[in-house]
Amino acid sequence: QVQLVESGGGLVQAGGSLRLSCAASGVIFGIKAMGWYRQAPGKQRELVAVIIGDGRTNYADSVKGRFTISRDNAKNTVTLQMNSLKPEDTAVYYCQANLVTAQTMRLTDYWGQGTQVTVSS
């Protein structure tokens, strides 16, 4: 079955950096989009960044200029480089992918298990 595996979360001081990675495994025929969501304590889940098939990217206003999303289609991975981190960036970060897979034979949404990012003040 198709799975998304995240890595790179952890604890950093304000102003520091982290690099999150998400790798999709399984039989994948095509990637329409991959991105990152986050959910902070007591807050609603929100889209952080997404990259679509033609290479276009979209970012939440709160992270523009600080975060960069990139992809490696050959390895079915997406990376989120997070710089100038702030305490308000603290959240569980979830990888999300819209894929065509052998599992469903159609465009399907998949989610990772989440990785904790904590930024201390």
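Located above this text is the structure these notes cover.
Below is a short write-up of the structure. The structure presented is a predicted model; accordingly, all values stated were derived computationally and were not measured.

Conventions used here
- Residues numbered from 1 in each chain as written.
- Predicted model: local features only at pLDDT ≥ 70, side-chain atom pairs only at ≥ 80, totals over all residues.
- Heavy atoms only, no water.
- Helix = DSSP H or I, 4+ residues; strand = E, 2+ residues; numbered from the N terminus.
- Rg over C-alpha atoms; globule rule 2.2 N^0.38 Å.
- Contact = heavy atoms within 4.5 Å.
- Areas by Shrake-Rupley, 256 points an atom, 1.4 Å probe, with all protein chains shown as cover.
- Lys, Arg positive; Asp, Glu negative; His and termini not counted.
- Charge placed at Lys NZ, Arg CZ, Asp CG, Glu CD.

### Focus: the overall build of the chain
- A tally of helices and strands in the chain yields zero helices and eleven strands.
- If you list the helices and strands of the chain from N to C, you get β-β-β-β-β-β-β-β-β-β-β.
- Taken over the C-alpha trace, the chain has a radius of gyration of 14 Å; the compact-globule value for 121 residues is 14 Å, and the two agree within 12%.
- Dimensions along the principal axes, computed over C-alpha positions, put the chain at roughly 45 × 25 × 25 Å.
- Within the chain, counting contacts between residues at least 6 apart in sequence, those at least 24 apart form 56% of the total.
- Accessible surface computed for the chain: about 6,500 Å², of which carbon and sulfur atoms make up 47%.
- Averaging the coordinates of the 12 positive side-chain charges in the chain and doing the same for the 8 negative ones gives two points 2 Å apart.

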